[in-house]
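Spelled out from the first residue to the last, the chains are:
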Amino acid sequence: MENQARICAWAEQTFGPVGDPVALVDRAMLEMNELRDAVKTRDIGEIGKESADVVILLHRLVAQFGLDLHHETDAKMAINRNRTWQAKGDGTGSHV
């Protein structure tokens, strides 16, 4: 199984060190657009691949700040579970 350390080590070896973490965000935005296109066309294979590309970039991004994506996700879910939410009717919502 892959983990953040292995993903980041591969990316560092493949692409070199991160000069500016904003570059990772910009690339993740491009990957999100590709994911959006895949979702629009319901291309299941591409949805999986593009989702993974986004997650890979997020792992590398948070590592630049000494964070662990799994830990941050768990911590944020603890906050979310204690909030009151209002559903928007489209599968999304916002906290109140």
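So, here's what we can say about the structure. Just so it is clear, the model here is predicted, and its values are computed rather than measured. (Residues numbered from 1 in each chain as written. Predicted model: local features only at pLDDT ≥ 70, side-chain atom pairs only at ≥ 80, totals over all residues. Heavy atoms only, no water.)

With that settled, consider the overall build of the chain. Along the chain, the regular secondary structure elements total four helices and two strands. A compact globule built from 96 residues would reach a C-alpha radius of gyration of about 12 Å, whereas the chain, at 16 Å, exceeds it by more than 25%. Along the three orthogonal principal directions, the C-alpha set of the chain runs to about 45 × 35 × 30 Å. A buried classification covers 21% of the 96 residues belonging to the chain. Looking at the chain alone, contacts between residues at least 24 apart form 49% of all its contacts between residues at least 6 apart. (Helix = DSSP H or I, 4+ residues; strand = E, 2+ residues; numbered from the N terminus. Rg over C-alpha atoms; globule rule 2.2 N^0.38 Å. Buried < 20%, exposed > 50% of the residue type's maximum accessible area, 1.4 Å probe, protein only. Contact = heavy atoms within 4.5 Å.)

This part takes up the side chain of glutamine 4. Among the structural elements, glutamine 4 can be located in helix α1 (residues 4–15). Note on glutamine 4: relative accessible area 9%, which makes it buried. In contact with glutamine 4, other than residues within four places in its own chain, are His59, Val62, Ala63, Leu67, Asp68 and Leu69.

Close contact between helix α2 (residues 21–40) and helix α3 (residues 44–63) brings their axes to 9 Å; oriented N to C, the two are set at 165°. In terms of axis orientation, α2 runs roughly antiparallel to α3. Seen from above, α2 lies across α3 with left-handed handedness. Of the residues in α3, those touching α2 at Pro21, Leu24, Val25, Arg27, Ala28, Glu31, Met32, Glu34, Leu35, Ala38 and Val39 are Glu46, Ile47, Glu50, Ser51, Asp53, Val54, Leu57, Arg60 and Leu61. For the contact of α2 with α3, a count of residues per class yields 12 nonpolar, one polar and seven charged. (Axes fitted to C-alpha atoms, helices over the stretch in contact; angles between N-to-C directions. Parallel < 35°, antiparallel > 145°, perpendicular 65-115°, else oblique. Left-handed = near helix turned anticlockwise from the far one by under 90°. Nonpolar A, V, L, I, M, F, W, Y, C, P; charged D, E, K, R; others polar.)

Empty space among the atoms can be located by rolling a probe the size of a water molecule over them. Here the largest pocket is characterised by a volume of approximately 290 Å³. Taken together, 15 residues make up the lining of the largest pocket; nearest its centre are Phe15, Leu24, Arg27, Leu57 and Arg60. At the level of elements, α1, α2 and α3 are the ones that each hand at least two residues to the lining of the largest pocket. Of the residues in the lining of the largest pocket, the class split is nine nonpolar, one polar and five charged. (1 Å grid on protein atoms, 1.4 Å probe; cavity = no way out; pocket = protein on both sides within 12 Å on 5 of 7 lines; lining within 4 Å. Points joined across faces, edges and corners; volume = space filled by probe spheres on them.)

The terminal C-alpha atoms of α1 lie 16 Å apart, and with 12 residues this matches the ideal 16 Å at 1.5 Å per residue to within 8%. Those residues of α1 not exposed but buried are Gln4, Ile7, Cys8 and Ala11. Burial along α1 is one-sided: seen end-on, the buried residues are contained in an arc of 95°. In α1, those exposed residues whose orientation departs by more than 90 degrees from the buried face are Ala5 and Gln13. Looking at the buried side of α1, the elements it contacts are α3 and α4 (69–81). (Expected span 1.5 Å × (residues − 1). Arc of directions from axis to C-beta.)

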